[in-house]
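A look at the structure
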Amino acid sequence: MKARVTVMLKDGVLDPQGEAVRHALGTLGFEGVQAVRQGKVIEIDLAATDRAAAEAEVRAMCEKLLANTVIEKYAVEIA
Amino acid sequence: MKAAVVTYPGSNCDRDLARGFELAGFEVARVWHKDRALPQGTDVVGIPGGFSWGDYLRCGAIAARAGIAEAIRAHAARGGYVLGICNGFQILTEMGLLPGALLRNAGLKYVCRVVGLEVVATTSAFTSAYAPGARIAIPIAHHDGNFTADAETLARLEGEGRVAFRYLENPNGSANDIAGILSANGRVLGMMPHPERRCEPLHGGTDGAALFRGLAALATPA
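For the structure given in this document, a descriptive report is provided here.

1. Some remarks on the environment of alanine 149 of chain B
Residue and element names in this part refer to chain B. Looking at the secondary structure, you find alanine 149 in the loop between strand S8 (146-148) and helix H4 (151-159). Look at alanine 149 and you get buried, because its relative accessible area is 15%. Spatially, the C-alpha atom of alanine 149 lies 4.3 Å from that of glycine 100, the residues being 49 residues apart in sequence. Residues within four places of alanine 149 in sequence aside, it is in contact with Gly100 and Leu154.

Written as structure tokens, this is what we have:
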């Protein structure tokens, strides 16, 4: 079973890297880019075969290590 | 007084930090991240600067979960002193021993230069040897020193006198110009600037030495 974790800065936390990307897109002529937020994607291969159990385990991983919930939010997809 | 300086893979200020403690009269033990216990009688744990685990995932994230982490947490819980500098500050926030987090510098650049600081809180052992409001020059060298916390946390830090140091000119976008903060009991200090790099005349200045002197004079065993 595969899990895909998306970690993003929480809304309201300034993302200077996203802002730099937005600026660079503007200078390349892409008009109308109003905001860019940059995050990370983490793919995990799991031995688990039960979908619900896998999701619960990956959520625990997010809380304990993969995301810093002071500044970040995360989403888990199981495939 | 006994200090224990922790070394993680990628730490690069551990020897400087040990030297800073020694100059103030501390007996210093070196601790490896895989150790499970601190040396008997440790009064102060020093968490050094550097790039533990190459800053992978987030600065300090892996170090905060290393083998020695539980011993550091227990030391802090019983009222022991902990000093985290630069990556050490990032590790302390990742461990939850200090609030907030350190984001990428607002200017996106690694900043390495001597900056002016105001010593704000002088009630802690760490800052006790500085005059209230003292202005000191200490180097910074970081890419991720932009301190952030929610409005409520910032208000609490300010209200409880837990802002230890403030930048005179903000180099990284830190909220409220914060360069270093204290725990609620004043015994855990995290700061981005490097006082251990400003302890001897050959460093170009000695403004950092008073931090270690104050700690040596006032730190009472937990």
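2. A short note on the interface of chain B and chain A
Tallying the contact residues gives 13 residues for chain B and 16 residues for chain A. Roughly 1100 Å² is buried in total at the junction of chain B and chain A, and carbon and sulfur atoms are behind 66% of that figure. Of all residues in chain B, Leu57, Arg58 and Leu103 of chain B bury the most surface against chain A, accounting for 42% of the area lost on that side. With a closest N to O distance of 3.7 Å, glutamate 72 of chain A and arginine 58 of chain B form a salt bridge. There are five residue pairs in polar contact (both at pLDDT 80 or more) connecting chain B and chain A.

3. Observations concerning the pattern of salt bridges
Side-chain pairing between opposite charges can occur once the charged atoms of the two side chains come close. Residues and elements named next belong to chain A. Tallied over the entire structure, the rule returns 14 salt bridges over all chains. Between arginine 22 and glutamate 19 there is a salt bridge, with the nearest N and O atoms lying 2.6 Å from each other. Residue arginine 22 and its partner glutamate 19 are both found in helix H1 (residues 16-27); the two are separated by three residues, about one turn of the helix. With a shortest N-O distance of 3.2 Å, glutamate 55 and arginine 59 are connected by a salt bridge. Taken as a pair, glutamate 55 and arginine 59 lie in helix H2 (residues 51-66) at a separation of four residues, close to a single helical turn. With relative accessibility at 30%, the residue glutamate 55 sits in the partly exposed group. Residue class for arginine 59 comes out partly exposed when judged on its relative accessible area of 34%.

Conventions we followed
- Residues numbered from 1 in each chain as written.
- Chains lettered and ligands numbered in written order.
- Predicted model: local features only at pLDDT ≥ 70, side-chain atom pairs only at ≥ 80, totals over all residues.
- Heavy atoms only, no water.
- Helix = DSSP H or I, 4+ residues; strand = E, 2+ residues; numbered from the N terminus.
- Buried < 20%, exposed > 50% of the residue type's maximum accessible area, 1.4 Å probe, protein only.
- Contact = heavy atoms within 4.5 Å.
- Buried area = accessible area lost by both parts, 1.4 Å probe.
- Salt bridge = Lys/Arg side-chain N within 4 Å of Asp/Glu carboxyl O.
- Polar contact = N/O pair within 3.5 Å; in protein donor to acceptor, adjacent residues only side chain to side chain.

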